[in-house]
Structures are given as C-alpha cells and as structure tokens.
Amino acid sequence: MASKIETEKKYIPDMAQKEIDQLNKSIKSASIKVIEDNIERMKKSWKNRPKIMEYFDEISNFFGRRKKEIRKQKKDGKKIIGYSCIFAPIELILAAEAIPVRIGSGWYDTAKLGDRIMPVEICPVIRSTVGAKMVNLSPYLELTDAIVIPLTCDGRTKLSEILSDYKPIWHMNPPRVKDDPHTLKMWKEEMLLIKEKIENLTGNKITRKKLKAAIETLQQATKAFRRLQDLRKGPPVINGRDAMLVNQTSLWDNIERWTQKVNELCDELEKRVEQKQYSSFPETPRVMVTGTPMLWPDSWKVPNLIEESIPQGVIVVDEQCSGDRILYDPVGVDEWTMSDMLDAISERYLMACTCPCFTSEHGNEDRINWIIDRIKEYKVDGVIYYVVRGCILYAMEYARIKKVLDNLGIPVYYLDTEYTREDVGQMKTRIEAFLEMLEARIDV
Amino acid sequence: MRTNIMVISAGVDMGTQRVKVAILKDKKIIAKSQQFIGFDPTKAAEKALKEALESANLSRKDLQHITATGAGVNMAAFADSTISMMGADARAGVYFFPLAKTVIDIGAEDARAVKCDEKGIMLDFVVNARCAAGAGTFIEAMARALEVEMNDMGLLSLKAERASPINASCVIFAESDVVSLIHREEPKSEIARAIFDAMTERVSSMVHRLGINPDIVLVGGVAKDIGFVTSLKRRLGMEILIPEEPMFAGAVGAALVAAKRARRRK
C-alpha cells in the first residue's frame, strides 16, 4: 500500500542538471585517473606481468569497451539487470538472455555526494552507490532496466528504497539462519519470484534447456576461477591485486569470454610455475584479506599498500564478496530437470554463502570454517581484517574471528578505514608494521 | 664469532613534534639528542644526528648503520633502513625492561600499544584511530582551555578528590565538555583529572584489546606526565615501568635494529 503523501523523488534532493553534469564530468575524469594509476602501480609491482592481463585492464575501465558492448546490446533489445550483491542468481538472468552487472560502487568521490542524503556513519559503499546514481556516473547502473537487491544488510535494505527513485527494484529476502527447516523453502520461493520477474521483463521464458546452458556456462567460469586460485597456493606467480582484478571483472564482463581469458592467463602462469618465474620473492609474507568488499577502483587503496609496502606482502587469497567468493562455488545439479536445477541454484546461493548477515547456534560458522580452510590451503601467514566504517556486520564479527585465529596462531590485524584517500599515511604505517611482524615470524 | 664484532649504530625517530636520535655502541647508549621538527624535518634530523655524534666524539663514518622510524620516517633520507614505530617500541621496551610484554607509547599525536616477546619481537599492536584524544596534543589543547601550563596539568590533577566525566572520543567534543565543566564552576584540579582519566580510558581499552600482559612499559613524551601516569596506573590496577628518558624509546629501538642489521651485513 502506498503512503498517503507520494513525492516524485522520495529520497533524492533536487539537483540542477548543470550541477549534475559538472560533478559527473569532474568525478569521471578523476575516476579514470584512479583506474590508470592503479593499473600503472600493478604493472610496476609485477615486472614481467603477462600480456593477457591487458585484457582485464581494458575491461576494468568502466567507461570503455565493456560499456559500449552493453550499450549496443541494450539497443538491440537485450535487458540489463543490475544487482547489488552476489546473492542474485546470475544463472537465471543469463537463461533469460539478459545481461547481469553488479552495481556496488568503489568510488570515493561519490560517497561525499551520498552525504547529502545520509549521515557519514552509514556504510560508504551505500553512500557512494547512491552518490554515483545522483550524478549518473556508473554506466552500468545507468543502463540497467531493473536492479535485484537482496536485503542482506541494513545499508542495502534502505539502498533499495533510495534507488527506487530511479529504477525498478526487485527485492530478495534472504533468511538470516541457514539451517532452520523452513529457510530453504522460503528462499526457493524468493528464487521463483525473481525468475518470474526476470521472465516478465525480458519476455523470455526460462526453459529447461536455456537454464541448463546457463548453469554450465557458470560452471566453466568456476572451473577457470579455481584453476587461477590453485596457482595462488604455491610460491607467488601472480600478485594478489591482479588476481583480485581478474575476479572482480567477472561481475560485469561477458562471462564466457572472461572464462576463456582466465584460462589463457592460467596457461601462461602454469608455465611460470614450472620455470620458477615468480611475481615476488617466494618468502614474501602471504596475506589473506577478509571483510568489507574492496570494490574497483578506489578501494584498491589497501591492496596497493599491502603489495607495495616495505617489507612487501602478497595477497594470496581473500574472503570477500568482491573477490574469491564470487565464483568459488558451482551450482551442483543431480538431474537436469527444471525443479532440480532451481533447487540447486537456491541451495548454492544460500548455503555456500559466507556473508556475515548469517548467524546460527554456532555463529556464522561457514565463514569461520571457510577462513580456517583457506589459511591452511594457501599457507597464509597473516590476515588483514578490512572494515570500512559503518560496515556493522563485519565489524561485529571480528571479535569472534580473532579468537579463532588466535587459537590457530595466525596474526590478524583489524584495519578500519573510510572511502577517503586522506588516511593513506596512517594505513601505510599500520600495514607496514603488520607485515614487518609477519616477516619477523617467518625469519624465526 | 658474530657477537664479538663491535657495532656502532644510530636510531632516528622522526616524531610529529620532535626528532630524536640515539647512538648505541655495543648495545649501550652513548649519545642522545633531540630537535624540534619545524618546517624542515630532514634538516632537523641531520642537526640532531650531528649533535649526537659530536657529544660521542664520533663522525658519520663511524656509524655502521642508521635506522629511521616515526611518522616522518620518509624525511630521513640519509638512513640505511627503516623500522615501524611499533617494531621500534617493542625492541626498546624489552631493552629497558627485559620482562616487558606490553609497550605503550604515547607521543604528541599517536598512541599505540604493542605486545612483544622476550626478544623484543612485536606480536600484535593497536593504534588509536584517527584522533589525537589519547595523545599528548590532547593535554596541550585542554591545558589551553583551562588556562594552565601544560607541564602543570599533572600536579594539578593530583589535587583532585574526584573526577568529573568527560567525553574523550574526540578532542573537539572533549573541549566543549571541559567548557561546560568550567561553566559549572568545577575546580580546575578535578577537570584536569577528568582529562587524564578520559585519555587513559582510551589507552587502557587499547591495552585490553591486546590482552593484559605484564610487565607493562610506558614510553613516549607523555610518560613524563605524572597526571597521566597516575591515572593509567589507577585504571589498569597495576604497576607501570617507565624508562628514565621515555621519549627516546623509539630512537633507541631503531638503533637496536640498526645494530642487528649492521651485524647481519658483516
């Protein structure tokens, strides 16, 4: 039921077109600079960076090739479906011949615009995403026909309302406890509702054949992703930042082409393993990052500092929905019937997820176990627990994770930051001290 | 034998207000000096180093290794290597007091606590976040609000019978709290104590995050403030060890690291 007083824009303040255009222009040019600077820094840190990485550099530019491709496909009648978080079922979007793009923002400058609506205490990922929309900065967000917003945290819950000033919003209501008997049933209902919405928007029926093809496409992507991840388990043949960029571009690239390029990259890296051609010294402290998503491009702040620090660190694995969590789990299907496939999709998006929005009798045990397993597999020396101010769920779960890591004897550092470039000095001091500590432990 | 080689090394601590230099000869402090940072930190550091060398009757080429630390570490271009402030604190804490397990360093604008092992290797650390309310500058700002000399704040606070609570999450908020206490005509001594109690509340919560591991060593310029030290002891409920010249801890820690690195290169 609608409220009694409806205004045209429920959240967004009136802004003159001239101001919007000016801000768009200045933030866009600053953002392109940040992208170029990040790529430059990644190249500098990895002397013999393989040529194939240039493909991912190109796709990482929000205002380049991929934007043109999506725009053209939209003109040709395809629907663009945005999503705010990786609970959104990509297989269903692909099966309806629509194009999925993630819309969370990693731009620092637009967080300041979000401040016009929300207090600064609110998570900057949310403030920045809203700010980006206020000045039409994100080409992908602009091109969307609808946006799937799973209500995982408080920030995203209200983000859905704010963005509804501009776009049709489709909520998904994930349960917070995985193992109650009714939760999977409820989540499956959510899936069926989303499926129907996707079909209505696109006018394409999701058939058994199309869904099977979509699941198989993503299974191939997972296979390529895991191949790359396996390469990060030994002495470093790829820097963490480069692997993170590869993984993150899967959120907006054509997934089939992405898979092919990742396999090409792996071909090259596997050769380097044999030739012992490492991207940094084999003794470099091995770091895991976990916590708030680190979104391209501005949130490369911390990864840049870790891998450029003296002593240097290499990020060998992350536990973030902006990285190693995106494609880690395939949809596992027993029988290729429609109902089995939908069951498998529902299970994969709920059960495999380690988001801190979950809890249980044993806490968010899947996340805890995920971290413990990866520490062993990737021979992690230390964990950087990364939280942006206002990211309440990750911040609150820290104390529990720290206890677990203390018991394992794995050092962990709580690095809290903001969507700002001004604290780089402070961040650097802390990261250097942490890596120095890890290095001293390796020396002993 | 590596240990028989005589090593002369220097540590340079580029603080936010002062640069401190310590020269060690076979792990003994043989010279110290300090300078205000001013507008040319590199020049200040060179001057401090020169003074220390003169007082030890040494020249630059006698130094086998120089290690720099501190917030302005990049400005000490002449140093051979660097060490983090927390790493230097841990070394120095154990150097001064071999049983040290926790080193608290309160400087002008930073407060930090470091957990260390018996060799002075840092095991964990906590830094105060984005605000000087737990550090020396806070005392300075509050002294201004009370119209007393900064160095008199400590003794003044000892005269208080109780403390009025103030908010120390931020220097600016604290200042407005202090102003309202002044308007309520609270005695200056009680306000002074409230200021130290507010600071040590922040510092002790940092220490608690590392776990309480005695012996606890306090270093940094603020360790000389009797008001701060009394309040911190009261809050932690245990003895705190303070070296004779606590503001040189960072420089001494860096010099110890320099000595180790010089030895390793031989």
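Use the structure listed above.
In this text, all values refer to a predicted model and were calculated from it rather than measured experimentally.

Colleague: Just checking my understanding: could you explain the overall build of chain B for this structure?
Modeller: For chain B, the helix and strand inventory stands at 8 helices and 9 strands. Based on the C-alpha atoms only, the size of chain B along its principal axes is roughly 65 × 40 × 30 Å. Residues classed as buried in chain B amount to 55% of the 266 residues present. Residue pairs in contact within chain B that sit at least 24 positions apart in sequence constitute 66% of those at least 6 positions apart. When the accessible surface of chain B is totalled, it reaches about 12100 Å², and 51% of it is carbon and sulfur. Where the 36 positive side-chain charges of chain B centre and where its 32 negative ones centre are 8 Å apart.

Colleague: Looking at this structure, how should I read the nonpolar core?
Modeller: Most often, soluble globular proteins have nonpolar side chains that are buried together. Formed by 163 residues in total, the largest nonpolar core has its most connected members in Phe56, Leu211, Trp258, Leu265, Trp296 and Ile306 of chain A together with Phe125 of chain B. Of all the elements, helix α10 (residues 208-231) of chain A adds the most residues to this core, at 9 residues. Those residues in contact with isoleucine 306 of chain A that lie beyond four places of it in its chain are Val287, Val289, Gln312, Gly313, Ile315, Ile384, Ile431 and Leu435 of chain A. The next biggest cluster of nonpolar side chains, apart from the first, holds 38 residues, and it includes Ala174, Ala198, Leu210 and Ile216 of chain B.

Colleague: Help me understand the pairing of strand β3 (residues 28-36) of chain B, please; the structure alone is not making it clear to me.
Modeller: Along any regular strand the residues' side chains alternate between the sheet's two faces. All names here are of chain B. Pairing geometry for strand β2 (residues 18-25) and β3, over 8 bridges, is antiparallel. Directly across from lysine 25, in β3, lies its bridge partner lysine 28. Linking two consecutive strands that pair antiparallel, namely β2 and β3, is a turn of 2 residues; a positive phi of about 45 degrees is found at aspartate 26 within it.

Colleague: Looking at this structure, I do not really get the sheet that holds strand β8 (residues 412-417) of chain A. What am I missing?
Modeller: Across a sheet, strands are paired by hydrogen bonds formed along the backbone, either parallel or antiparallel in direction. Residue and element names in this part refer to chain A. Across the sheet, 4 strands lie side by side as β6-β5-β7-β8; this open sheet has parallel pairing. At either end of the open sheet lies a strand with only one pairing partner, and these are β6 (314-319) and β8. Sheet twist, expressed as the mean angle between neighbouring strand axes with direction ignored, is 25 degrees. Across 6 bridges, strand β7 (residues 382-388) lies against β8 in parallel orientation. Paired with tyrosine 386 across the strands is leucine 415, a residue of β8.

Colleague: Explain the state of the cysteines here, please?
Modeller: Disulfides are covalent bonds that connect the sulfur atoms of two cysteines. A complete count under the given rule lists 0 disulfides over all chains for this structure. Take cysteine 355 of chain A: it sits in no disulfide, and the sulfur closest to it among the cysteines is that of cysteine 357 of chain A, at 3.4 Å.

What counts as what
- Residues numbered from 1 in each chain as written.
- Chains lettered and ligands numbered in written order.
- Predicted model: local features only at pLDDT ≥ 70, side-chain atom pairs only at ≥ 80, totals over all residues.
- Heavy atoms only, no water.
- Helix = DSSP H or I, 4+ residues; strand = E, 2+ residues; numbered from the N terminus.
- Buried < 20%, exposed > 50% of the residue type's maximum accessible area, 1.4 Å probe, protein only.
- Contact = heavy atoms within 4.5 Å.
- Areas by Shrake-Rupley, 256 points an atom, 1.4 Å probe, with all protein chains shown as cover.
- Lys, Arg positive; Asp, Glu negative; His and termini not counted.
- Charge placed at Lys NZ, Arg CZ, Asp CG, Glu CD.
- Core = buried A, V, L, I, M, F, W, Y, C linked by side-chain atoms within 4.5 Å.
- Pairing = 2+ DSSP bridges.
- Axes fitted to C-alpha atoms, helices over the stretch in contact; angles between N-to-C directions.
- Disulfide = S-S within 2.5 Å.

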